[in-house]
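Working through the structure, step by step
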Amino acid sequence: MKKYNISIIKGDGIGPEIVDEAIKVLDAVSYSCGFSLEYKEYLMGGIAIDVTGDPLPEETVTGVLNSDACLFGAIGGEKWDTLPRDKRPETGLLKFREAMEVYANLRPAIIYDELVNASTLKPEVIEGVDIMIVRELIGGIYFGQPRENDGFKAFNTMVYTKPEIERIGKQAFELAMKRDKRVCSVDKANVLEVSQLWRDTMEEIAKDYPEVELSHMYVDNAAMQLVRNPKQFDVIVTGNIFGDILSDTASMVVGSIGLLPSASTGDKTAIYEPIHGSAPDIAGQGIANPIATIESAGMMLRYSLGEIEAADKIDAAIKKALKDGYRTGDLAAYDAKEVVSTAEMGDVIANNIK
Ligand code: NAD
């Protein structure tokens, strides 16, 4: 029987509640598909500060690097907000991503037919939307040097090297090969030199993927097109800052923040996590929506472990739960037949797999 080592970081707030439900579903699907998952838990964020005094203990870094993949909940909360910046949970998270060298952030935006009314966009605009945004995560203007703010003048530097563009570009084309074989590269090549290099490099990569259709779009137009006609996109690949903004836009196309999973991948390991935070306002009440985390676990099976059948089963089980009218509180207003708790939603999805 195939066995995988999974590192688990539950984190703070609703983190432990939603990760427990994802583990419940992973156990059901691994049993049903005939492989086994061994979990090892590590600390990060506020809980790590409380226990060890450090938001990112060294043991977490080495433990995750030695695992096949990492499932992560969320970190942060008011309790730690007054600490100096370098001691805060969020600093631990940024350092964690850097240490893991996860340069590609994958954010799918898929609309569930049962929840078309949860979006602020018209149902006919969003029905059938299935977009994968591939955002470069550890380069670009957020990391470029020099950077300065002297109180009179402030600047940052948007820099990409060709190898950095090549590795994210290849990820996007590989993903497109498994999907609808279309890549839209988003840049600002009419104004920025760095975008021209980005565009030229994407054209070069495209020569290795003759089946994939490559198009280019300026970021301002892409923002508009995502809201006007999101169905036109398959894979979108873009740099750090443009991807940050566009992926949030795309998330609202879908409706609830509690539905959106993500993967941060690199050559060493991959981290799978919901896009939302630790939601301290609802923590401990058993009302958080675990679907984004369960979907993240599904992405882990698909992209890190290659267990495609198991990932498909998770997708189908979530769709069935929604089709049968089960909703957590955040989606209670949208055709709910039964409003369920976090744990009950996990049970329903796990039972659908069994
Ligand atoms: P948030 O995403 O935690 O919450 C925003 C709103 O969405 C809240 O009203 C919350 O109740 C709701 N929400 C979030 N997830 C939900 C779910 N699964 N089900 C139902 N409702 C859900 O963002 P925030 O309030 O700005 O931040 C709270 C804390 O989380 C802060 O400390 C912040 O730094 C941290 N944070 C962590 C991460 C991460 O760990 N990756 C990401 C973003 C924010």
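Scroll up to find the structure.
What you see is a predicted model; the values in this text were computed from it and never measured.

Note that Ser 195 resides in helix H7 (residues 193-206). Residue classification places Ser 195 among the buried positions, given a relative accessible area of 4%. Within the structure, Ser 195 has its side chain in polar contact with the backbone nitrogen of Lys 188 (distance 2.9 Å). Once residues within four sequence positions are removed from consideration, Ser 195 is found in contact with Asp 187, Lys 188, Ala 189 and Phe 242.

Turning our eyes to something else, we now look at the nonpolar core. Among the nonpolar cores identified, the biggest contains 104 residues, and Leu 71, Phe 96, Val 134, Phe 173, Met 202, Leu 301 and Ile 349 are the most heavily contacted of them. Element by element, the count of residues in this core is highest for helix H1 (residues 15-33), at eight residues. Viewed by domain, this core spans two of them, domain 1 (1-107 + 256-354) and domain 2 (130-253), each represented by three or more residues. Excluding its chain neighbours within four sequence positions, the residues that come into contact with Met 202 are Ile 165, Ile 168, Gly 169, Phe 173, Ser 185, Leu 214, His 216 and Val 237.

Pairs of aromatic rings are described using the distance from one ring centre to the other and the angle between the two planes. One pass over the full model with this rule turns up three aromatic pairs. Between Tyr 4 and Phe 35, the aromatic rings sit 5.7 Å apart at their centres with planes inclined by 80°, giving edge-to-face as the arrangement. Of the two residues, Tyr 4 is situated in strand E1 (residues 2-11) and Phe 35 in strand E2 (residues 35-42); the sequence distance between them amounts to 31 residues. Each member of the pair, Tyr 4 as well as Phe 35, carries the same accessibility label: buried.

Where H1 contacts helix H10 (residues 291-304), the two axes come as close as 8 Å, and the packing angle between them is 45°. By the criterion of interaxial angle, the relationship of H1 to H10 is oblique. Like other packed secondary-structure pairs, H1 and H10 cross with a definite hand, here right-handed. Between H1 and H10, the contacting residues are Ile 18, Val 19, Glu 21, Ala 22, Val 25, Leu 26 and Val 29 on the first element and Thr 293, Ile 294, Ala 297, Met 300 and Leu 301 on the second. Classifying every residue of the contact of H1 with H10 by side-chain character gives 10 nonpolar, one polar and one charged.

For a regular strand, the rule is simple: side chains alternate between the two faces of the sheet. Of all 10 residues that make up E1, seven are buried, and the element is covered over most of its length. In this structure, E1 lies alongside E2, joined through eight bridges in parallel fashion. Looking across to E2, one finds that Lys 2 is bridged to Phe 35. Of the crossover connections in this fold, the one passing from E1 over H1 to the parallel E2 is right-handed.

What counts as what
- Residues numbered from 1 in each chain as written.
- Predicted model: local features only at pLDDT ≥ 70, side-chain atom pairs only at ≥ 80, totals over all residues.
- Heavy atoms only, no water.
- Helix = DSSP H or I, 4+ residues; strand = E, 2+ residues; numbered from the N terminus.
- Buried < 20%, exposed > 50% of the residue type's maximum accessible area, 1.4 Å probe, protein only.
- Polar contact = N/O pair within 3.5 Å; in protein donor to acceptor, adjacent residues only side chain to side chain.
- Contact = heavy atoms within 4.5 Å.
- Core = buried A, V, L, I, M, F, W, Y, C linked by side-chain atoms within 4.5 Å.
- Domains from an automatic or database assignment.
- Phe/Tyr/Trp six-rings, centres within 6.5 Å; stacked < 30°, edge-to-face > 60°.
- Axes fitted to C-alpha atoms, helices over the stretch in contact; angles between N-to-C directions.
- Parallel < 35°, antiparallel > 145°, perpendicular 65-115°, else oblique.
- Left-handed = near helix turned anticlockwise from the far one by under 90°.
- Nonpolar A, V, L, I, M, F, W, Y, C, P; charged D, E, K, R; others polar.
- Pairing = 2+ DSSP bridges.
- Right-handed = clockwise from strand over helix to strand, strands pointing away.

Everything listed here is a matter of geometry and, on its own, says nothing about what the molecule does.
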